[in-house]
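Listed below, chain by chain, are the residues.
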Amino acid sequence: MSQTLPPIQTGRIAANGLEFDYDYAGSGDTIALCLHGFPESRFSWRAQLPVLAARGFLAVAPDLRGYAHSSRPANVADYALPHLIADAAAIFEAFGAKRRILIAHDWGAIIAWQFAIEHALPLDALIIMNVPHPGVARAVTARPSRQWLRSLYTLFFQIPWLPEKLLGLFHARAIGDAFRHMAVDKSAFPDAIINHYRTNAMIPGALTAMLNYYRANLRDILRPQNTPIIDVPTLMIWGEEDSALGIELTEGYGPFVRDFTLNLLPGVSHWVQQEAPLAVNACISNWLDKHWQEESSFSEEKEAKRLL
């Protein structure tokens, strides 16, 4: 008899002075926080939340600040990484997390990498999808490579008002095209799913907020800096057919992550957890079987010693 997975429910929570809509499955104080990317939403984790809940997590996927009907601060500076990291930490705290696993894709993964680097809160596990560690990204972009061409769209996004004007034409058709054109398996994005993202993008102010992630952070992301090694066990899942981020960004993690596992998924695009949910869920499950400890790796005594 097949297992009945816990249902996905919805809620709204106050954290870091803002309010966030979120989907969730499961219960308890072991929180799996799932952070989406651009131009997605909490809906992008629909295939993962029930599976995580079945493992005993309270799996939570918020709409990040500025997206859909979560709070939408007005200024570009409001979308700088320190604020985004503080949002994630505050959401963990709002749910009373005693153990924490951070799972993230695209812009969510940029936040998650920095969250772990800065040790915003203790994590028990980190799972990243199709975004490189910032140290790897800096190393690749410091030399001439095809990645410069792949990333030109981020420079276009720096222009005021014009990108959102163009992206919003014809009920945000370009947003839908971003999923369909990049996807290898087009059937993963039927009209109902595409229309969800297009409708979200057309909420007044949403496109500007979404683009402000790029406007507030591009220079700092690429600026050289020393990054402490991440001690948290880390899984990176990467769709090999990512047209925005090259496969070379999966190499060279030794200096940055102490316990690093890479799962490459051939024939899968940037939209990895939506396009190949069964493969992604299997990667997560198999890795957790080996890396998830029954007791937290961050006991109060260990954390107190780390802070000395």
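None of the values given here were measured: they were computed from a predicted structure. (Residues numbered from 1 in each chain as written. Predicted model: local features only at pLDDT ≥ 70, side-chain atom pairs only at ≥ 80, totals over all residues. Heavy atoms only, no water.)

For the rest of this paragraph, the subject is the overall build of the protein. Counting its regular elements, the protein contains 13 helices and eight strands. Taken over C-alpha atoms, the radius of gyration comes to 18 Å for the protein, in line with the 19 Å a tight globule of 308 residues would show. Principal axes of the C-alpha set define a box for the protein whose edges measure 55 × 50 × 40 Å. When the 308 residues of the protein are sorted by exposure, 55% land in the buried category. Taking the contacts inside the protein whose residues are at least 6 apart along the sequence as the reference set, 76% of them involve residues at least 24 apart. Considering the protein, the positive charge centre built from 26 side chains and the negative charge centre built from 31 side chains are found 5 Å apart. (Helix = DSSP H or I, 4+ residues; strand = E, 2+ residues; numbered from the N terminus. Rg over C-alpha atoms; globule rule 2.2 N^0.38 Å. Buried < 20%, exposed > 50% of the residue type's maximum accessible area, 1.4 Å probe, protein only. Contact = heavy atoms within 4.5 Å. Lys, Arg positive; Asp, Glu negative; His and termini not counted. Charge placed at Lys NZ, Arg CZ, Asp CG, Glu CD.)

All right, on to a nonpolar patch on the surface then. A contiguous nonpolar patch, built from Leu-149, Leu-152 and Leu-155 and spanning about 310 Å² of accessible area, is present on the exposed surface. Residue position: Leu-152 is located in helix α6 (residues 152-156). (Patch = residues over 30% accessible without salt bridge, like charges linked within 9 Å, V, L, I, M, F, W, Y side chains within 5 Å. Areas by Shrake-Rupley, 256 points an atom, 1.4 Å probe, with all protein chains shown as cover. Salt bridge = Lys/Arg side-chain N within 4 Å of Asp/Glu carboxyl O.)

The next point concerns the sheet that holds strand β3 (residues 30-35). Strand order in the open sheet formed by eight strands is β1-β2-β4-β3-β5-β6-β7-β8, and the pairing between neighbours is mixed. The outermost strands of the open sheet, each flanked by one partner alone, are β1 (9-15) and β8 (260-265). The sheet shows a mean angle of 20° between the axes of neighbouring strands, taken without regard to direction. By the bridge criterion, six bridges tie β3 to strand β5 (residues 99-105) in an arrangement that is parallel. Residue pairing across strands places Ile-31 opposite Arg-100, the latter belonging to β5. Contacting β1, β2 (18-25), β3, β4 (58-62) and β5, helix α2 (residues 81-94) runs over the sheet at an angle of about 150° to β3. Where helix α12 (residues 277-291) meets the sheet, it contacts β5, β6 (125-129), β7 (234-239) and β8, and its direction lies at approximately 160° from that of β7. (Pairing = 2+ DSSP bridges. Axes fitted to C-alpha atoms, helices over the stretch in contact; angles between N-to-C directions.)

Overall, the prediction assigns the protein a mean pLDDT of 93, with 94% of residues at 70 or greater. Counting interchain partners and residues more than four positions distant, the pLDDT-below-50 stretch residues 299-308 has five contacts. (pLDDT = per-residue confidence, 0-100.)

A few words on unusual backbone geometry. Backbone torsion omega between Phe-38 and Pro-39 reads -5°, so that peptide bond is classified as cis. The phi dihedral of Asn-130 falls on the positive side, at around 55°, and the residue is not glycine. Residue placement: Asn-130 occurs in the loop between β6 and α4 (134-141). With relative accessibility at 0%, the residue Asn-130 sits in the buried group. The phi dihedral of His-171 is positive, around 55°, even though this residue is not glycine. Looking at the secondary structure, you find His-171 in helix α8 (residues 169-182).

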